[in-house]
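For reference, the chains in residue letters:
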Amino acid sequence: MKKTRPALTIFLFFLGWVFMYADRNILSPVMGSIGEEWSLNQTQLGLMSTVFFAAYAFMQIPTGILADKFGRVKVLVIGFIVFGIGTYLSGASATFGIFLMMRALTGLGEGTYYGSQYGISSTITPKKYRGLVSAIINSGMAFGISLGFMSSSYFTYTLNKGWQFPFYVFAIPTIIVGILIAVFVRDNSHKEKNRMFKQRKKWS
C-alpha cells in the first residue's frame, strides 16, 4: 500500500478549492454576454447561479452516505471529475436549457468535495496542526475567487475569446487535479477503524 504524503495531499486539496471557487466566479463577469446571446431576462440570469447552488447543497448529505460506504477518496475524485466535465460542457452548451443542466451537473460534482476533503485531511493531520492545515487548504477559496474573476474578464473581454473560453480553460486543470488526487491521496480512516476494532476486541 502506498504511503500517505501529507504535504502533497494538503497542496492538492488547496488546488481543489482554488478551482472550485474559480469555477463559481468565472460566471459572474460573463453573465451579461450570456444574457445577450440567449436574450435572457433577469430571472433567467439568476437561475444560472441558483441551479448550481441548489445542486451543490442537495449533494452534501448523500455525499456523506456514499463516502462512508464506498470511500472518501473515491467519492471525491468521481465528483471532482464530474465537476470538471460539467464546467467544460457549460462552455459547450448550445442552449440556455442545456447550460442550466450543465451548471446543475457541476454543482452535483462539487458537492462531493467538502465533506470528503475535510474528512481525509483531518485523519492525516496531527491535532496540533489541524488549524494551520485547514487555514492553508481554505486559502485556496480566496485565490480561486480572484483567479476566476480576473481570468474570466481577461479571456472574454480583453482577448475577445468569447464567454465560453474560460469554462474550457478551467475544466482542463480541474480534471487533472482530480486525477492527481486519485493517484496520490490516501484515506487513513481505515487505520483508525482497525485500531478501534482491535481495542474493542481486546477488551471484550
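All residue numbers refer to positions counted from 1 along the written sequence of the respective chain. Owing to the predicted nature of the model, reporting of local features is limited to residues with pLDDT of at least 70; listing and counting of side-chain atom pairs is limited to 80 or more, with chain, interface and lining totals taken over all residues. Values reported for side chains reflect all heavy atoms of the structure, with hydrogen atoms and water molecules removed beforehand.

Trainee: With reference to specific residues and values, describe the packing of helix 4 (residues 72-92) against helix 8 (residues 165-184).
Mentor: To define axes, lines are fitted to C-alpha atoms, for helices over the stretch in contact only, and angles between the resulting N-to-C directions are given on a 0 to 180 degree scale. Under the scheme used here, helices are H or I runs from DSSP no shorter than 4 residues and strands are E runs no shorter than 2 residues, and both carry numbers assigned from the N terminus. For the pair helix 4 and helix 8, the least separation of the axes is 8 Å and the interaxial angle reads 165 degrees. Relative to helix 8, the element helix 4 is oriented roughly antiparallel. Considering how the two elements wind past one another, helix 4 and helix 8 form a crossing that is left-handed. When residues are sorted by character, Ala, Val, Leu, Ile, Met, Phe, Trp, Tyr, Cys and Pro go into the nonpolar class, Asp, Glu, Lys and Arg into the charged class, and all the rest, Gly among them, into the polar class. The class makeup of the residues in the contact of helix 4 with helix 8 is 17 nonpolar, six polar and no charged. Comment on the angle field: the value is read as roughly parallel under 35 degrees, roughly antiparallel over 145, roughly perpendicular from 65 to 115, and oblique elsewhere. Crossings are sorted by hand: turned counterclockwise from the far helix by less than a right angle, the near helix makes the crossing left-handed, and turned clockwise it makes it right-handed.

Trainee: How would you sum up unusual backbone geometry? Please name residues and give values.
Mentor: The backbone of Ser39 shows a phi angle near 55 degrees, a positive value even though the residue is not glycine. One non-glycine residue, Asn160, adopts positive backbone phi at about 55 degrees. Of the residues examined, Asn160 reaches a relative accessible area of 62% and is grouped as exposed. With a 1.4 Å probe rolled over the protein chains alone, any residue whose accessible area is under 20% of its type maximum counts as buried; one over 50% counts as exposed, and the rest are partly exposed.

Trainee: Run through the confidence of the model for the chain, naming residues and quoting values.
Mentor: Low pLDDT means the predicted atomic positions in that stretch should not be read closely. Looking at the chain, pLDDT values average 91 and 90% of them are 70 or higher. Within the chain, helix 9 (residues 189-203) has the poorest average pLDDT of any element, 51, and helix 5 (residues 96-110) the best, 98. The predictor attaches a confidence to each residue, called pLDDT, with possible values from 0 through 100.

Trainee: Which residues make up the side chain of Ser152, and what values go with them?
Mentor: You can see Ser152 is positioned in helix 7 (residues 130-158). The exposure class of Ser152 is buried, given its relative accessible area of 0%. Polar side-chain contacts of Ser152 include one of 2.7 Å to the backbone oxygen of Ile26. Two residues form a contact once any of their heavy atoms are found within 4.5 Å. Leaving out residues up to four positions away in the same chain, Ser152 has contacts with Ile26, Pro29, Val30, Leu147 and Pro166. Think of a polar contact as two N or O atoms within 3.5 Å of one another; within protein, one of them needs to be a possible hydrogen donor and the other a possible acceptor, and neighboring residues in sequence only count if both atoms come from side chains.

Trainee: Account for the nonpolar core, naming residues and giving values.
Mentor: Generally speaking, a soluble globular protein has its nonpolar side chains buried in company with each other. Formed by 41 residues in total, the largest nonpolar core has its most connected members in Trp17, Ile34, Met48 and Ile181. Of all elements in the fold, only helix 1 (6-38), helix 2 (42-58), helix 4, helix 5, helix 6 (113-124), helix 7 and helix 8 reach the threshold of two or more residues within this core. Counting residues per element, this core draws most heavily on helix 1, which supplies 17 residues. Beyond its immediate chain neighbours, meaning those up to four positions away, Met48 contacts Leu27, Met31, Ile34, Phe96, Phe99, Leu100 and Arg103. Here the nonpolar core consists of buried residues drawn from Ala, Val, Leu, Ile, Met, Phe, Trp, Tyr and Cys, with membership extended through side-chain atoms lying within 4.5 Å.

Trainee: Hey, could you go over the pattern of salt bridges for me, with residue numbers and the actual values?
Mentor: Note on definitions: salt bridges are taken to be side-chain nitrogens of Lys or Arg within 4 Å of carboxyl oxygens of Asp or Glu. Per the counting criterion, the structure on display carries three salt bridges. Residue Arg24 pairs with Glu110 through a salt bridge whose shortest N-O separation is 3.1 Å. Of the two residues, Arg24 is situated in helix 1 and Glu110 in helix 5; the sequence distance between them amounts to 86 residues. Across the pair, Glu110 and Arg24 agree in class, each one buried. One salt bridge in this structure joins Arg72 and Asp187, with 2.9 Å as the shortest N-O distance. Remark: Asp187 occurs in the loop between helix 8 and helix 9 and Arg72 occurs in helix 4; sequence separation between them is 115 residues. Take Arg72 and Asp187: they sit in the same class, and that class is buried.

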